[in-house]
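Architecture at a glance
Here's the letter readout for the chains.
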Amino acid sequence: MTSSPKAFDSDFINEVQRESEQNLALCYQCGNCTAGCPVSFAYDYPVNQIMRLVQAGRRQEALSSHAIWLCSSCETCTTRCPNDIDVARIMDVLRHMARRENIVSEKAVGAFWKAFLESVEKHGRVFELGLMANYVSKTGRMFTDVDLAPMALRKGKLGLKAHDIKKIAEIRGIFDRYREQKQ
């Protein structure tokens, strides 16, 4: 079903509420979430406006927002909400929904997320050097943070070899179940 970006989608509201286990009607747009957000300066829509887009059933606009990808999940918005809405969880749900629909407005963030999950699936935990190599191959950003590598290596924070966890099959099983559920 194709609709205009400004179309009301009640299914979207219900889907966000079900996945986040939050009651969106409790948000009365006080703005505390936005006032406390440390990264709102980089957002296309402040947090309270993302909440409003969801309340208004504006699926395409909410899922296409850069804000859901730039959110640092610090949970300041959740802490500041006078109605105890887990706003950070809603932002996470929106990001997951966008990813399922192949809507990634921040390509570098999406590439990092994908590289991170691939590393966890392969090794059972993050192999930082492999993660960065994968990220660079996806984005072409060769020299991003390259100046940090010598210090990280000296401090032992960047291993040259991956170390898989003992029960890697269990982690891979989680990813397999996710893929099955997705289909």
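Given the structure is predicted, the values throughout are model-derived calculations rather than measurements.

With that out of the way, let us pick up the pattern of salt bridges. For the structure on display, the rule yields 12 salt bridges. Two residues, Arg95 and Asp92, come together in a salt bridge whose shortest N-O distance is 2.2 Å. Of this pair, Arg95 and Asp92 both sit in helix α7 (residues 87–100), three residues apart, which is roughly one turn of that helix. The class of Asp92 is partly exposed, set by a relative accessible area of 25%. The partner of Arg179 in a salt bridge is Glu121, and the shortest N-O contact between them spans 2.4 Å. Here Arg179, found in helix α11 (residues 168–182), pairs with Glu121, found in helix α8 (residues 107–123); they are 58 residues apart in sequence, far enough to count as distant. Through salt bridges with shared partners, a single ionic network connects Asp9, Glu15, Glu19, Arg59, Arg100 and Glu101.

Mean pLDDT over the protein stands at 88; residues scoring 70 or higher make up 97%. Per-element averaging of pLDDT across the protein places helix α10 (residues 149–154) at the bottom with 81 and helix α3 (residues 47–55) at the top with 96.

The next thing to look at is the nonpolar core. In terms of nonpolar packing, the biggest core is built from 32 residues, with Phe12, Val16 and Leu94 touching the most fellow members. Elements with a contribution of two residues or more to this core: α1 (10–20), α3, α4 (59–63), α5 (67–70) and α7. Considering every element that reaches this core, the biggest residue donor is α7, with eight residues. Discounting residues that sit within four places of it in the chain, Phe12 has contacts with Val54, Gly57, Arg58, Arg59, Ala62, Leu63, Leu94 and Met97.

For α11, with 15 residues, the first-to-last C-alpha span of 21 Å sits near the 21 Å given by 1.5 Å per residue. Within α11, burial applies to Ile168, Ile171, Gly173 and Phe175. Those residues of α11 that are buried are in contact with α8.

At Glu21, a residue that is not glycine, the phi angle is positive and equals roughly 60 degrees. For Glu21, a relative accessible area of 58% puts it in the exposed group. Of note in the backbone geometry, Gln29 takes a positive phi value of approximately 65 degrees without being a glycine. Mapped onto the elements of the fold, Gln29 is located in the loop between α1 and α2 (32–36).

Contact geometry for α3 and α7: axes closest at 11 Å, N-to-C directions at 65 degrees. In the packing of α3 onto α7, the handedness of the crossing is left-handed. Two secondary-structure elements touch here, α3 through Val47, Ile50, Met51 and Val54 and α7 through Val87, Ile90, Met91 and Leu94. Partitioned by chemical class, the residues of the contact of α3 with α7 number eight nonpolar, no polar and no charged.

Relative to the helices and strands, Ser105 resides in the loop between α7 and α8. If we skip the residues at most four places from it in the chain, Ser105 touches Ser64, Ser65, His66 and Trp69.

Structurally, Ser20 can be placed in helix α1. A polar contact is formed between the side chain of Ser20 and the backbone oxygen of Val16, at a distance of 2.7 Å. When sequence neighbours within four positions are dropped, the list of residues in contact with Ser20 reads Arg89, Ile90 and Val93.

The rules we used
Residues numbered from 1 in each chain as written. Predicted model: local features only at pLDDT ≥ 70, side-chain atom pairs only at ≥ 80, totals over all residues. Heavy atoms only, no water. Salt bridge = Lys/Arg side-chain N within 4 Å of Asp/Glu carboxyl O. Helix = DSSP H or I, 4+ residues; strand = E, 2+ residues; numbered from the N terminus. Buried < 20%, exposed > 50% of the residue type's maximum accessible area, 1.4 Å probe, protein only. pLDDT = per-residue confidence, 0-100. Core = buried A, V, L, I, M, F, W, Y, C linked by side-chain atoms within 4.5 Å. Contact = heavy atoms within 4.5 Å. Expected span 1.5 Å × (residues − 1). Axes fitted to C-alpha atoms, helices over the stretch in contact; angles between N-to-C directions. Left-handed = near helix turned anticlockwise from the far one by under 90°. Nonpolar A, V, L, I, M, F, W, Y, C, P; charged D, E, K, R; others polar. Polar contact = N/O pair within 3.5 Å; in protein donor to acceptor, adjacent residues only side chain to side chain.

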